[in-house]
Amino acid sequence: FYFMPADCLSRIKMPVVSKTPLHEEVSGSSLFAFGSTNLSMEGIEQVTKLAERLKTLPLEGKHVVITGHTDRIGNPFKNQQLSMARAESVKSMLIQNGIPGSVIETRGMGDTMPRVSCPGKTSPAVIDCLAPNRRMVLDVTDTNSGK
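### Remarks on the pattern of salt bridges
Link 1 in the chain: Enumeration over the complete set of coordinates arrives at seven salt bridges.
Link 2 in the chain: For Glu25, the salt bridge goes to Arg115, with nearest N and O atoms at 2.5 Å. Of the two residues, Glu25 is situated in strand S1 (residues 22-27) and Arg115 in the loop between strand S3 (104-108) and helix H4 (124-129); the sequence distance between them amounts to 90 residues.
Link 3 in the chain: On the basis of relative accessible area, Arg115 is assigned to the partly exposed category, the value being 48%.
Link 4 in the chain: Its salt-bridge partner being Lys62, residue Asp142 comes within 2.5 Å of it at the nearest N-O pair. With Asp142 in strand S4 (residues 135-142) and Lys62 in strand S2 (residues 62-69), the pair connects residues that are 80 residues apart, well separated along the chain.
Link 5 in the chain: The structure contains a network of salt bridges with shared partners spanning Glu25, Arg115 and Arg135.

And the structure:
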């Protein structure tokens, strides 16, 4: 097979892929007490700092997506509700700190996207092991990116 002219591949206009202006992942344990939807004092500080960083970005044409995750402990339906309620708590704090609510979307993933797998029944050791699964992810994407 031959490509003509020899440099034809270099002439192709590649689509411009925009990078996510912000991707932040925060431990759920630092934001919330175990099983709680109320932000801790440390959580309030962290979300306030996130809001300040968001204010430095041009948010026009952007979409702020807050996704909550839990560990496997407990009822899967309750975990989904907990992850959504935590994402809503973060959204509320961002709005209080001047981020327009119209650009924020919340998602609750429950225990469907674990980072680690820790065998065994509920115990302090298993709860500690599952900590990476309890997290909050904040992404800023282009409105037209389809994400």
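From this point on, the discussion continues.
### Describing the state of the cysteines
A covalent bond between the sulfur atoms of two cysteines is what we call a disulfide.
Link 1 in the chain: The final tally for this structure, using the stated rule, is one disulfide.
Link 2 in the chain: Between the sulfur atoms of Cys118 and its disulfide partner Cys129 the distance amounts to 1.9 Å. Where Cys118 bonds to Cys129 through sulfur, the torsion about that S-S bond is close to -80°, and the disulfide is left-handed. One end of the pair, Cys118, is in the loop between S3 and H4; the other, Cys129, is in helix H4, with 11 residues separating them in the sequence.
Link 3 in the chain: Assessed through its relative accessible area of 36%, Cys129 is described here as partly exposed.

Each value, and the rule that gives it
Residues numbered from 1 in each chain as written. Predicted model: local features only at pLDDT ≥ 70, side-chain atom pairs only at ≥ 80, totals over all residues. Heavy atoms only, no water. Salt bridge = Lys/Arg side-chain N within 4 Å of Asp/Glu carboxyl O. Helix = DSSP H or I, 4+ residues; strand = E, 2+ residues; numbered from the N terminus. Buried < 20%, exposed > 50% of the residue type's maximum accessible area, 1.4 Å probe, protein only. Disulfide = S-S within 2.5 Å.

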